[in-house]
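Analysis of the macromolecular model
Residue strings, one per chain:
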Amino acid sequence: MRKSYLKFSIPDITQKEIDEVVTTLKSGWLTTGKKTQLFEKNFADYTGAKYAIALSSGTAALFLSLIVEGIQAGDEVITTPFTFVSTANVVHHLGAKPVFVDIEPDTYNIDPEKIPLAITSKTKAIIPVHYSGQPCNMQRIMKIAADHNLCVIEDAAHAIGAEYQGKKVGGQGNLTCFSLFPTKNITTGEGGIITLNDKEKAIRLKKLRLHGMSKDGWKRYDQAESWYYEIHEAGYKFNLSDINAALGVIQLGRIKELNQKRKDLADYYIQQLSHIPGIQTLSIPSNVISSWHIFPVWIDSKELGLTRNQLIKALWKRKIGTSVHFIPLHLQPFYQKEYQYKKGDFPITEKIFAGIVSLPLFPKMTNKDIDDVINAIRDAVK
Ligand SMILES: *Cc1c(COP(=O)(O)O)cnc(C)c1O
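A brief report on the enclosed structure follows. Predicted, not measured: the structure shown is a model, and the values here were computed from it.

Angle between the axes and distance between the axes are the two parameters that describe a pair of packed helices. Packing of helix α1 (residues 15–26) against helix α9 (residues 242–253) brings their axes to within 8 Å, and their N-to-C directions diverge by 150°. When the interaxial angle is binned, α1 and α9 end up roughly antiparallel. Relative to α9, α1 is oriented so that their crossing is right-handed. Two secondary-structure elements touch here, α1 through Lys16, Glu17, Glu20, Val21, Thr24 and Leu25 and α9 through Asp242, Ile243, Ala246, Leu247, Ile250 and Gln251. In terms of residue class, the contact of α1 with α9 is built from six nonpolar, two polar and four charged.

In structure tokens:
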């Protein structure tokens, strides 16, 4: 057995990130400023989008995206129940209804074929979530959205660096929301970022993230005549600090290395797990490149001889950390009480949830760590 506990995920922070943060701390400017601007420019260049707006979280990115797309009380927004709760919480906060649509059994992404059945006269938007970093079937989703005059906001919290039909996620023209939380493919400690091509919406997002003020903080304090600002709309306090952005600049510069590491580890997992009956890995279509944010496996408990919960416990006893992505939102008490969802509503999601477990995956891991995970599974099913 391992001597030390293998954590589910740890961020990969080098001396470069530390130096950049220290430089920023000594620079005399800590809130949103030149570092944030640089991070935004680099992020836009990386994804191929015209604009990138850095924010305090991925959740704030989703929330402001819904606002600039005009989502209001009484509207309906279609998304997957197999996501992190913030995807639906932000819809609820605007007084709109999250309408869930079941997932595909092989990719665990929203099933486009089921979207039209959920569309009503109140439907305004679709939020596809690129589960685990594997892009959704965007060609189908964009066609449905166009046919029904709906906007599309991509929840790309898992998908920094993922590609769909040869193009980076975030560069397809939709408002695309990324998270920079510590477990995500790159981190700013806490943070989020929206990419988009629409200039008017980019300007409005910049105002909304900072109280609705017509000028950024750094513009207000830099010049003698810049004390004046106007408020045309009540905004929020969702800006990213330059301290966080400093981390992001270095992390983004390392994205190729970090994502390659994740892919190599995922490939090794797939190869090793193929010898264990009862464990199924994700199938990746040939027209996408996954960013491998997480490594979920689905276990057939009859074939494996253990339930998902038993496996998690057995791995924990053998010093292997795991996680579950996700507890379906229609099974959460709040969404059941508020929107009358119930068990049985989304059978594919429920079937996948019953057997899903995410194994450790982060760039600092080694093949030896994966061997430990595999040996622990073999030992547990003995
Ligand atoms: C992490 C995550 C979010 C929220 O991002 P935060 O930066 O933590 O607010 C939203 N959606 C999904 C699918 C996520 O995994």
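If you look at the biggest cluster of nonpolar residues, it comprises 29 residues, and the most contacted ones within it are Tyr269, Leu273, Phe295, Leu359 and Ile377. Residue assignment for this core shows that the elements contributing at least two residues are α10 (255–273), β12 (295–299), α12 (308–317), β13 (356–359) and α15 (367–381). Ranked by residue count, the leading element in this core is α15, at six residues. Residues within four places of Leu273 in sequence aside, it is in contact with Ile279, Thr281, Phe295, Val297, Leu359, Ile374 and Ile377. Core analysis: the next-biggest nonpolar cluster, separate from the first, contains 28 residues, Ile67, Val77, Leu94 and Ala202 among them.

On the surface, Ile13, Ile18, Val22, Leu25 and Leu30 cluster together into a nonpolar patch covering about 370 Å² of accessible area. Structurally, Ile18 can be placed in helix α1. Assessed through its relative accessible area of 40%, Ile18 is described here as partly exposed.

The rules behind these values
- Residues numbered from 1 in each chain as written.
- Predicted model: local features only at pLDDT ≥ 70, side-chain atom pairs only at ≥ 80, totals over all residues.
- Heavy atoms only, no water.
- Axes fitted to C-alpha atoms, helices over the stretch in contact; angles between N-to-C directions.
- Helix = DSSP H or I, 4+ residues; strand = E, 2+ residues; numbered from the N terminus.
- Parallel < 35°, antiparallel > 145°, perpendicular 65-115°, else oblique.
- Left-handed = near helix turned anticlockwise from the far one by under 90°.
- Contact = heavy atoms within 4.5 Å.
- Nonpolar A, V, L, I, M, F, W, Y, C, P; charged D, E, K, R; others polar.
- Core = buried A, V, L, I, M, F, W, Y, C linked by side-chain atoms within 4.5 Å.
- Buried < 20%, exposed > 50% of the residue type's maximum accessible area, 1.4 Å probe, protein only.
- Patch = residues over 30% accessible without salt bridge, like charges linked within 9 Å, V, L, I, M, F, W, Y side chains within 5 Å.
- Areas by Shrake-Rupley, 256 points an atom, 1.4 Å probe, with all protein chains shown as cover.
- Salt bridge = Lys/Arg side-chain N within 4 Å of Asp/Glu carboxyl O.

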